[in-house]
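# Analysis of the macromolecular model
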Amino acid sequence: INAEYGGCSRTAMELRSAVMLLCLVSLAESAGQRKIYAAGSGLDMFSLPETVQEILTLSGRAKPHLLYLGTATYDNPTAQKTQTQAFLDAGCTVDALEIAVHDVSPSSLRAAFEAADIVLVSGGNTLYAHDRLTKLGVPEFMTEAMGNGTVLCGGSAGGIVWFDGGHSDSMEAASYKNPPGPLLSPNMSKEEMGAWAYIRVPGLSVIPGLFCPHYDMTESNGVLRSADFTGMLQRHAGEEGLGIDNWGALRVDGDSYRIISRQGKPGSVKDGVFTSKRDGVPGAWQMQIDPSNGQLQRSLVPSIGKLSELLHSAKYIVPSNMLGVARAQNPDDGKPPTFPPQGKL
């Protein structure tokens, strides 16, 4: 029995996703063409002029043209303004590709990506964005754009999307297009709205690994991301993990990377050691599960290095068994969104 995605069967969607995945992996292996900026947060990091200047430098252009995809926030204009205003202030031009509800022709998609020097994917509901972008064939145009030197960037959901997958709050009812979704009570209490679990969502595999944004944060469910990510890695032990704090980012240029740590902001790195109290500075952690005992191995990521030495292709990938439930609770039903989404960005 095929589950339906707004008229697109699960079988057909998975086939298209697999074909596009192969295209992305093939191009990503050409390290000299890869420019990525994956931040631990969307609204927080991308509202800062420092972040904009780092991305402009990566693009190699003084006043580049930016293409914004607000699919994960259902094209919420407030989220768009917050994440793009600093680019406008820096003299960039900005176009928004609004495809959260409405379809766009392949020719229009191609033209939009060909004109872009920077592609910015918003934070928001990662799973909805992944499925919607895949359904419309967007990864193909992202692949071509990356091959032409376009910077691919984003935070939170917009960071997860570039990896094999990520630690996501896509089952948070407040992040649904029309919360609390068709399967939950419309009169949920605040406590009930906070009773949700993190989920592994698929990405586009531009970079290998399982990405955890907001690594130092506790979300509305009361669960610390870093603690839950350990359990997720134990359930998905074929993958290596990368945790980026809310005020941090991974900047990739070819096979070289740099960890961004925003000065004056809290994080999980204290004297080179992990702290769960957010009384350190922002940073990044590389993680894997020791196959001999099932325990977490966590090491601080050096500030600069080679991406090929930091993250490695997965031994195997096991999709979450909750994906079907998450999709049913927040379907691509063609209905306009109820603003504003309240999930973590």
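This text follows the structure it describes.
Here goes a summary of the coordinates provided. (Residues numbered from 1 in each chain as written. Predicted model: local features only at pLDDT ≥ 70, side-chain atom pairs only at ≥ 80, totals over all residues. Heavy atoms only, no water.)

It is worth spelling out the pattern of salt bridges at this point. Tallied over the full model, the rule gives 15 salt bridges. The residue Arg34 makes a salt bridge to Asp255 at a minimum N-O spacing of 4.0 Å. Remark: Asp255 occurs in the loop between β12 (248-253) and β13 (256-261) and Arg34 occurs in the loop between α1 (10-28) and β3 (35-39); sequence separation between them is 221 residues. Residue Arg34 is classed as buried on the basis of its relative accessible area, which comes to 7%. Overlapping salt bridges, with partners in common, bring together Asp103, Arg132, Lys135 and Asp332 in one network. (Salt bridge = Lys/Arg side-chain N within 4 Å of Asp/Glu carboxyl O. Helix = DSSP H or I, 4+ residues; strand = E, 2+ residues; numbered from the N terminus. Buried < 20%, exposed > 50% of the residue type's maximum accessible area, 1.4 Å probe, protein only.)

Attention shifts here to the sheet that holds strand β6 (residues 118-121). Strand order in the open sheet made by the 8 strands is β5-β4-β6-β7-β3-β12-β13-β18, with mixed pairing throughout. Both edges of this open sheet fall to β5 (93-96) and β18 (304-306), since each of them pairs with a single strand only. On average, each strand axis in the sheet is tilted by 20 degrees relative to the strand beside it, whichever way the strands run. Strand direction decides the pairing type here: β6 and strand β7 (residues 151-155), joined by 4 bridges, are parallel. The residue bridging Val119 from the neighbouring strand is Leu152, located in β7. (Pairing = 2+ DSSP bridges. Axes fitted to C-alpha atoms, helices over the stretch in contact; angles between N-to-C directions.)

To continue, consider the packing of helix α5 (residues 106-114) against helix α7 (residues 138-147). At their nearest, the axes of α5 and α7 sit 9 Å apart, and the two run at 30 degrees to each other. Taken together, the axis directions place α5 and α7 in an arrangement best described as roughly parallel. The hand of the α5/α7 crossing is right-handed. Touching Pro106, Leu109, Arg110 and Phe113 of α5 are Val138, Glu140, Phe141, Met142, Glu144 and Ala145, all from α7. Split by residue class, the contact of α5 with α7 holds 7 nonpolar, no polar and 3 charged. (Parallel < 35°, antiparallel > 145°, perpendicular 65-115°, else oblique. Left-handed = near helix turned anticlockwise from the far one by under 90°. Contact = heavy atoms within 4.5 Å. Nonpolar A, V, L, I, M, F, W, Y, C, P; charged D, E, K, R; others polar.)

Counting residues in each nonpolar core, the largest one holds 47 residues, and the members touching the most others are Leu69, Phe113, Trp162 and Leu250. A per-element tally of this core places α7 first, with 5 residues. Excluding its chain neighbours within four sequence positions, the residues that come into contact with Phe113 are Leu67, Leu69, Leu97, Val119, Val138, Phe141, Met142 and Ala145. Among the nonpolar cores identified, the runner-up in size contains 22 residues, and Leu66, Ala79, Trp247 and Ala249 belong to it. (Core = buried A, V, L, I, M, F, W, Y, C linked by side-chain atoms within 4.5 Å.)

Right, let's talk about the packing of aromatic side chains for a bit. Both the distance between ring centres and the angle between the ring planes are used here to describe each pair of aromatic rings. Across all of its chains, the model carries 8 aromatic pairs by this definition. With a centroid separation of 5.0 Å and 85 degrees between ring planes, the pair formed by Trp196 and Tyr198 is classed as edge-to-face. The same class applies to Trp196 as to Tyr198, namely buried. Through successive ring pairs, a cluster of aromatic residues spans Tyr215, Phe229, Phe274 and Trp285. Stacked on the ring of Trp247, the Lys or Arg Lys265 has its end atom at 4.3 Å from the ring centre. We note Arg298 situated over the ring of Phe274; from NZ or CZ to the ring centre the distance is 3.8 Å. (Phe/Tyr/Trp six-rings, centres within 6.5 Å; stacked < 30°, edge-to-face > 60°. Lys NZ or Arg CZ within 6 Å of the ring centre and 35° of its normal.)

That bond from Pro179 to Pro180 is cis: its omega, 5 degrees, falls within 30 degrees of zero. The residue Pro180 is located in the loop between β8 (163-168) and α9 (190-193) in this model. One non-glycine residue, Ser156, lies in positive phi territory at about 60 degrees. For Ser156, a relative accessible area of 3% puts it in the buried group.

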